Amino acid sequence: MEKREKLYEGKAKQIFAVDDERYYIMTYKDEATAFDGTKKGIIENKGIVNNRISCLLFKMLEEKGIETHLLEQLDERNVLVKRLQMLPVEVVLRNVAAGSLAQRLGMEEGRELQIPIIELYYKNDDLHDPMINEYHAQAMGWATWEQLKEVQSLSLRINQILRKLFDSIGLILVDFKLEFGIYDNKIVLGDEISPDSCRLWDQVSREKMDKDRFRRDLGGEAEAYQEVVRRIEEVLG
Ligand code: UDP
């Protein structure tokens, strides 16, 4: 399927129309941003790695009965997906305290949580993605109660599946972000799952293998992303 006009350009991806209006093409870039886009850089081949990782993970989720937008990886940086009507809500799942949770609640990073935490954020750059709850989302008309319940139940199932997968390749799934949309009246997983949107720590060395290497100027981000895709390909490739 051919790329037509560019519909959207985000921080890490571009979206193109295709002849069939039920679908579009997502193109992954190497650009990395953090802290609301104030920190910018390039992680070499990040687009290629994230497209591969996301396609492998979405394919595995599909096999386990979770509907995703994935149709077909077209080449290194391009993937054909279903054109979802996105909910303006980001869902963050946490297994271990880190990042904004550790900061907000004054917790040490690395503390295991007794149950997974689900957080919702309103997707709005101008407002810096404020945290919301199900009542805000429903009151503002961003999602119905039923949709939110479905989003939360899918997110918990996805967390279980991904935790097991990452555990089998020596990585701790600390936290991650999901985005959902509507397609044929169903809630479908969209966007991506990659080291840009997950925290992954090596089980043995506890080294960070994700975008925190870029956010926190730790160096070695391209190598860390490569190592994550290498390990995933060993079990799913
Ligand atoms: N996350 C993301 N996009 C966002 C905000 C968060 O992918 O706009 C991911 C982030 O990579 C981490 C998880 O969601 O895996 C939780 O992020 P947190 O709330 O700790 O925010 P951060 O401190 O990373 O900004």
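It should be emphasised that the depicted structure is a prediction, and the values quoted were computed from it without experimental measurement. (Residues numbered from 1 in each chain as written. Predicted model: local features only at pLDDT ≥ 70, side-chain atom pairs only at ≥ 80, totals over all residues. Heavy atoms only, no water.)

(A) Structural view of the packing of aromatic side chains. A complete count under the given rule lists two aromatic pairs for this structure. Ring plane angle 10° and centroid distance 3.8 Å describe the contact between Y122 and W142, whose orientation is recorded as stacked. Of this pair, Y122 sits in strand β9 (residues 112-122) while W142 sits in the loop between α3 (134-139) and α4 (145-168), and the two are 20 residues apart along the sequence. Look at W142 and you get buried, because its relative accessible area is 17%. Of note, K3 hangs over the ring of F16, and the distance from its end group to the ring centre comes to 4.4 Å. Cation over ring: K39 sits above F214, and NZ or CZ is 5.1 Å from the ring centre. (Phe/Tyr/Trp six-rings, centres within 6.5 Å; stacked < 30°, edge-to-face > 60°. Helix = DSSP H or I, 4+ residues; strand = E, 2+ residues; numbered from the N terminus. Buried < 20%, exposed > 50% of the residue type's maximum accessible area, 1.4 Å probe, protein only. Lys NZ or Arg CZ within 6 Å of the ring centre and 35° of its normal.)

(B) Focus on the site of the ligand. R94, S100, D175, R199 and R215 are the nearest of the 15 residues found near the ligand. Within the side chain of S100, one N or O atom sits 2.6 Å away from an oxygen atom of the ligand. One of the side-chain N or O atoms of R199 is found 2.9 Å from an oxygen atom in the ligand. Look at the ligand: alone it shows 510 Å² of surface, and the protein chains cover 75% of it. (Near = heavy atom within 4 Å. Polar contact = N/O pair within 3.5 Å; in protein donor to acceptor, adjacent residues only side chain to side chain. Areas by Shrake-Rupley, 256 points an atom, 1.4 Å probe, with all protein chains shown as cover.)

(C) The nonpolar core, seen in detail. Grouped together as the largest cluster of nonpolar side chains are 57 residues, with contacts concentrated most on L61, I158, L162, F166, F180 and I193. For I193, the contacting residues outside a window of four places in its chain are I53, S54, L57, F58, L61, L162, L178 and C198. Core analysis: the next-biggest nonpolar cluster, separate from the first, contains eight residues, V18, L80, L84 and V188 among them. (Core = buried A, V, L, I, M, F, W, Y, C linked by side-chain atoms within 4.5 Å. Contact = heavy atoms within 4.5 Å.)

(D) Spotlight on helix α6 (residues 221-236). With 16 residues, α6 extends 22 Å between its outermost C-alpha atoms, agreeing within 8% with the 22 Å of an ideal straight helix rising 1.5 Å per residue. Those residues of α6 that fall on the buried side of the exposure criterion are E221, A222, A224, Y225, V228, V229, R231 and I232. Each element contacted by the buried residues of α6 is listed here: α1 (46-63), α4, β11 (171-183), β13 (198-202) and α5 (212-215). (Expected span 1.5 Å × (residues − 1).)

(E) Representation of the environment of D125. Relative to the assigned elements, D125 resides in the loop between β9 and β10 (131-132). Looking at D125, the relative accessible area reads 47%, which means it is partly exposed. Here the alpha-carbon distance between D125 and K208, two residues 83 residues apart in the chain, equals 26 Å. At 3.4 Å, the side chain of D125 forms a polar contact with the side chain of K11.

(F) Broad picture of unusual backbone geometry. Non-glycine residue D129 carries a positive phi angle of around 45°. Take D129: it is sitting in the loop between β9 and β10. At D184, a position not held by glycine, the phi torsion is positive, near 50°. With respect to the helices and strands, D184 occurs in the loop between β11 and β12 (186-190). Overall, D184 belongs to the exposed group, its relative accessible area being 61%.

Shape is all these values report; function is a separate question.
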